[in-house]
Amino acid sequence: MATFVLVHGAWSGAHDFRKVRGPLRAAGHDVYTPSLTGVGERVHLASPQVGLTTHIADVVNCVRYEDLDEIVLLGFSYGGCVITGALEYIADRVRHLVYLDAFVPDDGEAAGLPGGASAPRVTGLGDPWLLPAPIREFDDPETGAWITARRTPQPLGTFTEPVRLTRPLEDYPFTRTFIKATGEPRPEPPGPFWTAADRVSKSPAWRYREIATNHMIPSNRPEELAELLLELV
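Calculation rules
- Residues numbered from 1 in each chain as written.
- Predicted model: local features only at pLDDT ≥ 70, side-chain atom pairs only at ≥ 80, totals over all residues.
- Heavy atoms only, no water.
- Core = buried A, V, L, I, M, F, W, Y, C linked by side-chain atoms within 4.5 Å.
- Buried < 20%, exposed > 50% of the residue type's maximum accessible area, 1.4 Å probe, protein only.
- Helix = DSSP H or I, 4+ residues; strand = E, 2+ residues; numbered from the N terminus.
- Contact = heavy atoms within 4.5 Å.
- Pairing = 2+ DSSP bridges.
- Axes fitted to C-alpha atoms, helices over the stretch in contact; angles between N-to-C directions.
- 1 Å grid on protein atoms, 1.4 Å probe; cavity = no way out; pocket = protein on both sides within 12 Å on 5 of 7 lines; lining within 4 Å.
- Points joined across faces, edges and corners; volume = space filled by probe spheres on them.
- Nonpolar A, V, L, I, M, F, W, Y, C, P; charged D, E, K, R; others polar.
- Phe/Tyr/Trp six-rings, centres within 6.5 Å; stacked < 30°, edge-to-face > 60°.
- Lys NZ or Arg CZ within 6 Å of the ring centre and 35° of its normal.
- Salt bridge = Lys/Arg side-chain N within 4 Å of Asp/Glu carboxyl O.

- In the annotation of an unreviewed UniProt entry, the chain is listed under the name Alpha/beta hydrolase and assigned to Streptomyces roseirectus.

### Points about the nonpolar core
Okay, step 1: Leu73, Val82, Leu87, Leu97, Tyr99, Leu169 and Phe178 are the most contacted members of the largest nonpolar core, which has 44 residues in total.
Okay, step 2: Elements with a contribution of two residues or more to this core: strand S1 (3-7), helix H2 (52-65), strand S3 (71-76), helix H3 (79-90), strand S4 (94-100) and helix H6 (191-200).
Okay, step 3: If sequence neighbours within four positions are ignored, valine 82 has contacts with Val7, Leu36, Leu52, His55, Ile56 and Val59.

### Examining the sheet that holds S4
Okay, step 1: Read across the sheet, six strands follow the order S2-S1-S3-S4-S7-S8 without closing on themselves; strand pairing throughout is parallel. Of all strands in the sheet, those with a lone pairing partner are strand S2 (30-32) and strand S8 (207-211), marking the two edges. Ignoring strand direction, the axes of neighbouring strands in this sheet form an average angle of 20°.
Okay, step 2: Here S1 runs beside S3; their pairing, made up of five bridges, is parallel.

### Here we look at the layout of surface pockets
Okay, step 1: In this structure, the largest pocket occupies an estimated 670 Å³ of space.
Okay, step 2: If you go around the largest pocket, you meet 29 residues; those closest to its centre are Arg136, Glu184, Pro192, Phe193 and His215.
Okay, step 3: Among the elements of the structure, strand S7 (175-181) and H6 are those that each provide at least two residues to the lining of the largest pocket.
Okay, step 4: Here the element with the most residues in the lining of the largest pocket is H6; it accounts for four residues.
Okay, step 5: Class assignment of the residues belonging to the lining of the largest pocket gives a composition of 18 nonpolar, six polar and five charged.
Okay, step 6: Estimates place the volume of the second largest pocket at around 200 Å³.
Okay, step 7: Surrounding the second largest pocket, Phe103, Val104, Pro105, Asp106, Glu109, Ala110, Ala111, Pro192, Thr195, Ala196 and Arg199 form its lining.
Okay, step 8: Residues belonging to the lining of the second largest pocket are distributed by class as follows: seven nonpolar, one polar and three charged.

### Side note on the packing of aromatic side chains
Okay, step 1: Applying the stated criterion to the full structure yields five aromatic pairs.
Okay, step 2: Pairing tryptophan 11 with phenylalanine 159 gives two aromatic rings, centres 5.3 Å apart and planes at 35°, and the pair type is tilted. One end of the pair, tryptophan 11, is in the loop between S1 and helix H1 (18-26); the other, phenylalanine 159, is in helix H5 (residues 157-160), with 148 residues separating them in the sequence.
Okay, step 3: Look at tryptophan 11 and you get buried, because its relative accessible area is 6%.
Okay, step 4: Look at phenylalanine 159 and you get buried, because its relative accessible area is 4%.
Okay, step 5: Ring centres of phenylalanine 103 and phenylalanine 193 lie 5.0 Å apart, and the angle between their planes is 75°; on these two criteria the pair is classed as edge-to-face. Of this pair, phenylalanine 103 sits in the loop between S4 and strand S5 (130-131) while phenylalanine 193 sits in helix H6; the two residues are 90 residues apart in sequence, bridging distant segments of the chain. Phenylalanine 193 matches phenylalanine 103 in its accessibility class, with the two residues each being buried.
Okay, step 6: Grouping aromatic residues by their ring pairs yields a cluster made of Trp11, Tyr78 and Phe159.
Okay, step 7: One cation-aromatic arrangement involves arginine 167 over tyrosine 172; the distance from NZ or CZ to the ring centre is 4.1 Å.

### Observations concerning the pattern of salt bridges
Okay, step 1: Scanning the entire structure with this criterion turns up nine salt bridges.
Okay, step 2: Between aspartate 58 and arginine 42 there is a salt bridge whose closest N-O contact spans 3.3 Å. Within this pair, whereas aspartate 58 is found in helix H2, its partner arginine 42 is found in the loop between S2 and H2, the two being separated by 16 residues in sequence.
Okay, step 3: On the accessibility criterion, aspartate 58 (14% relative accessible area) is buried.
Okay, step 4: Measuring nitrogen to oxygen at the nearest pair gives 3.8 Å for the salt bridge that ties arginine 209 to glutamate 231. Residue arginine 209 is located in strand S8, and its partner glutamate 231 is located in the segment after helix H8 (222-230); the two are separated by 22 residues in the primary sequence.
Okay, step 5: Among the residues examined, arginine 209 registers a relative accessible area of 32% and is labelled partly exposed.
Okay, step 6: Classification of glutamate 231 by relative accessible area gives partly exposed; the value is 48%.
Okay, step 7: Taken together, the salt bridges that share partners define one network made up of Asp139, Arg221 and Glu224.

Structure (structure tokens):
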């Protein structure tokens, strides 16, 4: 039996994986999908103080309080920054690390704001500190409507706070996989997810897989994603 810890992306929550959990559990595995503070069903906890460190603590505390070990730790999209930062605290509990069309940051890098915009300074009353959710496309309109109704603004600090990584990912003893969404045209410049895919697909230290849909893989192709994850155990 394996233990999966699946970390959702920005502007969303644990419900990202509602159709992925079932197939993994049906195959006999434990699945944890921690929700990050200030988004999804925890949107009531949003504040200007919520940053990447907050979300790292959400995941680290889930692993520690449940006393999980030998985990398959997955980060979707922005969740790649979260799982990377969590390694400082729980690397010894990770068996396999999975980036699902996600950021793969180096030490000192942040997710950044969409389109390369600079973050406004939050210095006083009335200053902006939430970033609205961008519009996403889905393969199935009904699924898209369900997910879109649950997308929430996200505190700016989660995008601007840098990741701390004490050594390169390839130096850790666990195995690594990157799963790329290939159902959309490759942009120019390629952006962070394609840049990461280009790098790891050429590295013997990584496994590289593709799913032919757009970025919203957990909602569009949950069964295919579950099958790929089951290959890792």
